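Reading the structure
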Amino acid sequence: RLRKIDVAILPINGRDYFRNQNDIIGNFVTINPSVNVSGNVTVEDCVELGTGMQIIQGKCIGEQSILGAGAVVVNDIQKKCVAVGSPAKAIKFLE
């Protein structure tokens, strides 16, 4: 079940992450250090966000997806997708 984030700062892995009040994050999401989220972002259940990656405003990360370190998400990411690069592109779909 997705829920809206209404907290301005979330401490994760010993660091603070600034979150917009309109971001939506699912359950069992792993957020590695130095992730930058621009706002109005939806991250569905069971997603892993790689170190130093960025999500541009208004994008959606589909459930059970994995984003590589340093990825820059400029388009929505489909569910069960492994995506890397700048801009982030799918390199594999999980079963």
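Our structure is the block above this text.
Here we summarise the structure given alongside this text. Predicted model, so just to flag it, every value in this text is computed and none were measured. (Residues numbered from 1 in each chain as written. Predicted model: local features only at pLDDT ≥ 70, side-chain atom pairs only at ≥ 80, totals over all residues. Heavy atoms only, no water.)

**As for the overall build of the chain**
Heads up, the condition is: Helix numbers and strand numbers start at the N terminus; a helix is a DSSP run of H or I with at least 4 residues, a strand a run of E with at least 2. In what follows, residue pairs with any heavy atoms lying within 4.5 Å of each other are defined as contacts.
For the chain, the count of helices and strands is 0 helices and 14 strands. Considering only contacts within the chain whose residues lie at least 6 apart along the sequence, 5% involve residues at least 24 apart.

**Description of the pairing of strand S13 (residues 81–84)**
Basically, it comes down to this: Between any two strands, at least two bridges found by DSSP are needed for them to pair.
In terms of strand pairing, strand S11 (residues 66–67) meets S13 through 2 bridges, oriented parallel. Looking at the pairing, Leu-67 lines up with Ala-83 of S13. Strand direction decides the pairing type here: S13 and strand S14 (residues 89–93), joined by 4 bridges, are antiparallel. When the bridges of S14 are listed, Ala-83 appears paired with Ala-90. What sits between S13 and S14 in their antiparallel hairpin is a turn of 4 residues, with Gly-85 showing a positive phi close to 95°.

**Notes on the environment of Val-37**
Cut-off, in case you're wondering: The buried label goes to any residue with under 20% of its type's maximum accessible area, the exposed label to any with over 50%, and the partly exposed label to all in between, with areas taken from a 1.4 Å probe on protein chains only.
Within the secondary structure, Val-37 sits in strand S6 (residues 36–37). Residue Val-37 is classed as buried on the basis of its relative accessible area, which comes to 13%. Measuring from C-alpha to C-alpha, the distance between Val-37 and Val-73 comes to 9.7 Å, with 36 residues separating the pair along the chain.

**Focus: the nonpolar core**
Let me state the cut-off plainly: The nonpolar core is taken to be a set of buried Ala, Val, Leu, Ile, Met, Phe, Trp, Tyr and Cys residues, with the residues joined through side-chain atoms within 4.5 Å.
Counting 19 residues, the largest nonpolar core has Ile-55 and Leu-67 as its most contacted members. Apart from the residues lying within four places of it in its own chain, the contact partners of Ile-55 are Asn-36, Val-37, Ser-38, Val-41, Val-43, Leu-49, Ile-61 and Val-73.

**Observations concerning the sheet that holds S6**
What the 3 strands build is an open sheet, ordered S6-S9-S12; its pairing is parallel. Whereas interior strands pair on both sides, the edge strands pair on one side only; in this sheet they are S6 and strand S12 (72–73). Examined bridge by bridge, strand S9 (residues 54–55) and S12 share 2 bridges and lie parallel to one another. Within the sheet, the bridge partner assigned to Ile-55 lies in S12 and is Val-73.

**Considerations on the sheet that holds S14**
Taken in spatial order, the 5 strands make up an open sheet running S5-S8-S11-S13-S14, and their pairing is mixed. Two strands bound the open sheet, and with one partner strand each, they are strand S5 (30–31) and S14.

**Structural notes on the side chain of Asn-32**
Locating Asn-32 in the fold gives a position in the loop between S5 and S6. Look at Asn-32 and you get buried, because its relative accessible area is 18%.

**Let's talk about unusual backbone geometry**
Omega for the peptide link from Ser-86 to Pro-87 comes to 0°, which places this bond in the cis form. Note on placement: Pro-87 falls in the loop between S13 and S14. Located in the positive-phi region is Phe-28, a residue other than glycine, with phi close to 60°. One can find Phe-28 in the loop between strand S4 (24–25) and S5. Classification of Phe-28 as exposed rests on a relative accessible area of 70%. Phi angles above zero are rare outside glycine, and Ser-34 is one such case at about 65°.

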